[in-house]
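So you can see what is in the structure, the chains are spelled out below.
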Amino acid sequence: MPTRLVFCKSELCGTNKLELKRIKLDFKKANLEFLEMDDLCGNIQEVNKLKGDLVFVGCSGKVIKGKIDESNKRIVFANIREECLWLYNDEETIYREVLLEIRIALHRLKFKKTTERVPLNCFRNKVGKYIEIISEIGPNPFKV
Amino acid sequence: MAMGVVLCRCKGLIENLDLDWLREYLSKKKDVVKVLILDLGCSPQGQQEILDLIKTRDIDRLVVAACSPLVKGDLFRSLVHKAGVSYQLLELVNLREQCAWAIPDANLALENAKIKLDMAVKRLAKAKDIGHWQLNNAYINTLRCDKCKRCIEECPNEAITLGSDGFPEINENKCEKCGVCLGGCPLGVISLPDFRLEEINGMIEEAAKSKNEPAIIGFFCPHAYEEVDTVAVSGCPQLANLHIIPVPCSGAVNMTLVNDALSNGIDGIIIAGCEHSQCQLRKGNEFAKKRIANQQETLEEMFLEKERLEYMAFDENYTPSAEINEKICSRCQICIQVCPFQAISYSREDNTMQVNPQGCRCCGTCTATCPAGAINIPEASDEEIMGTIDLLLREGS
């Protein structure tokens, strides 16, 4: 399965301004599949249905990484929003930086492993148990 | 005092909160002059709107309720700094990860958001820009200090020495703002630039008004806070009852805060930090545990249940950990000596070096030190980094 480049085309983020044709031209020799989505944040469920190696071209991974299901997938984020679109005004510079970000992301993807590290849910268990204990003890007498 | 509040929709990611209701509610507060709802506060347009708000309404303190401070906190800090507002007078409210995403019930989430915003507004209302806050280290109010020297004994960085006048003196080059001195001070006369007991007290007062019962206060160190962000993304209804106050280290929690919380009617207090060896700021968690044990005794003497105060470490195991290549490893054990978190051990039985995945914070100290080059940090191998540098150099040429 070819690596998929998933482009977020959000008006609010400004990522809709990018012309995909130009980027496709630059990567025509690579075995890549190009996908466009109106807004990654608004289509998380659709995004989670995608399988295989994925490069999300849009915002920083920090923004939606938590919402994305990474099991059995290799996912890398190419942050063109903060690093390119919001940083530069000149169109040529933007395209140059966007291409570089995508190349770096594709390079990083080679080293990405699919191993899953599932949180142990210590927080939910410990705090949940603590709330039960406090509920059993009853309200703080000073509250009255 | 002119306080502004920015509520961010995070491009629709904060969808189960009624921000218009919150705007109405906050607009009635006496110190709040303007409440602004933005679609995306971190975007260039959003940033400009925040700057305009500060300029046009002479805002001198600002609440930004958006994503976790760990995501865009630095951006908002530098933004208000640019507008001439001291960063101590900015309060970031985590409405996205620890409220909208964590609490599925819209009513509970709204109540939680309201309390979070009340806490932020109260903290800023109590914040004072009295000049000391230009300092970037702990500050001792010598007018109230009784020269007990406890801070000198407890500072893990040996940044506090005895001055010629008998008062403790803080070496600003050594101070790491961990707050251990603040946590131990019996009179509560030590403050950090963005962590003052008076302000935290104000936050506790507001948290006690929560309708979500039992009302629990959590003092979370940055590591524990990050862990909550990670697990809260997939839903964590417990956060409806828990009002988290970020602290620089679990050792920075002064027990007067615990007493104040209980006297205000808070039902339980959690102090969350790191496990035994993992405190980045050294010893903070040990101090916290000792102080909690003492305080629990005091609570029992006051006929209060000791369970109301508890120390917790989560160890969610969400970060990748260092990997040792057994074939190359010479068992020199240098990695054991350099690991700041004591996460590596040697097993005599198997003659192998072992990494405790819950202890490892993936800092890479072992990788950089290993003479055999046998330790790898996932997604930061030499090959990957050199390949990236190569790409950048090619682009440059």
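Structure: above.
Report on the accompanying structure.

Calculation rules
Residues numbered from 1 in each chain as written. Chains lettered and ligands numbered in written order. Predicted model: local features only at pLDDT ≥ 70, side-chain atom pairs only at ≥ 80, totals over all residues. Heavy atoms only, no water. Helix = DSSP H or I, 4+ residues; strand = E, 2+ residues; numbered from the N terminus. Rg over C-alpha atoms; globule rule 2.2 N^0.38 Å. Buried < 20%, exposed > 50% of the residue type's maximum accessible area, 1.4 Å probe, protein only. Contact = heavy atoms within 4.5 Å. Buried area = accessible area lost by both parts, 1.4 Å probe. Salt bridge = Lys/Arg side-chain N within 4 Å of Asp/Glu carboxyl O. Polar contact = N/O pair within 3.5 Å; in protein donor to acceptor, adjacent residues only side chain to side chain. Nonpolar A, V, L, I, M, F, W, Y, C, P; charged D, E, K, R; others polar. Pairing = 2+ DSSP bridges. Axes fitted to C-alpha atoms, helices over the stretch in contact; angles between N-to-C directions. Core = buried A, V, L, I, M, F, W, Y, C linked by side-chain atoms within 4.5 Å. Domains from an automatic or database assignment. Right-handed = clockwise from strand over helix to strand, strands pointing away.

1. A short note on the overall build of chain B
When helices and strands are counted, chain B shows 14 helices and 16 strands. Taken over the C-alpha trace, chain B has a radius of gyration of 23 Å; the compact-globule value for 397 residues is 21 Å, and the two agree within 12%. With the C-alpha coordinates aligned to their principal axes, the bounding extent of chain B is approximately 65 × 60 × 45 Å. Out of the 397 residues in chain B, the part that is buried amounts to 57%.

2. Topic: the environment of V228 of chain B
Tracing the backbone shows V228 of chain B in helix α9 (residues 222-232). Note on V228 of chain B: relative accessible area 0%, which makes it buried. Along the backbone, V228 of chain B and V63 of chain B are 165 residues apart, and their C-alpha atoms lie at a distance of 21 Å. Not counting chain neighbours up to four residues away, the residues in contact with V228 of chain B comprise F123 of chain A together with Q98, F220, L239 and I244 of chain B.

3. Here we look at the interface of chain B and chain A
Chain B puts 64 residues into the contact, and the matching count from chain A is 45 residues. Overall, the association of chain B and chain A removes approximately 4,700 Å² of surface from exposure, summing both partners, and the carbon and sulfur fraction of that is 64%. Connecting chain B to chain A are three salt bridges. In this structure, K72 of chain B engages E82 of chain A in a salt bridge whose closest nitrogen and oxygen atoms are separated by 2.2 Å. Counting every contact that joins chain B to chain A gives 20 residue pairs in polar contact (both at pLDDT 80 or more). For the side of chain B that touches chain A, the secondary structure elements donating two or more residues are α2 (44-56), α3 (69-82), β9 (216-220), α9, α10 (255-263), β11 (268-273), β12 (309-313) and α14 (382-396) of chain B. With seven residues, the single largest contributor to the side of chain B that touches chain A is α14 of chain B. Residue composition of the side of chain B that touches chain A, grouped by class: 31 nonpolar, 16 polar and 17 charged.

4. Quick notes on the sheet that holds strand β1 (residues 3-8) of chain A
Each strand in a sheet pairs with another by means of backbone hydrogen bonds, the pair being arranged parallel or else antiparallel. Residue and element names in this part refer to chain A. Pairing within the open sheet is parallel, and its four strands lie in the order β2-β1-β3-β4. The sheet is open, and its two borders are formed by β2 (32-37) and β4 (74-79), each paired with just one other strand. Direction aside, neighbouring strands of the sheet carry axes that sit 20 degrees apart on average. Of the pairings in the sheet, the one linking β1 to strand β3 (residues 53-58) comprises four bridges and is parallel in character. Counted as the bridge partner of R4 is L54 from β3.

5. Thoughts on the nonpolar core
Core analysis: the largest hydrophobic core is formed by 119 residues, its most contacted members being I23 and F123 of chain A together with L7, L17, L62, F220 and L239 of chain B. Here this core takes eight residues from helix α5 (residues 91-111) of chain A, the largest share from any one element. For this core, the two domains that each supply at least three residues are domain 1 (1-132) and domain 3 (202-318) of chain B. Setting aside its immediate chain neighbours within four residues, L7 of chain B contacts L19, L22, R23, L26, V35, L36, I37, L38, A65 and L117 of chain B. With 46 residues, the next largest nonpolar core counts A159, L197, A208 and I266 of chain B among its residues.

6. Looking at the pairing of strand β10 (residues 242-246) of chain B
Buried residues dominate β10 of chain B, accounting for four of its five residues. A crossover links β9 of chain B with its parallel partner β10 of chain B, the connecting element being α9 of chain B, and its sense is right-handed.

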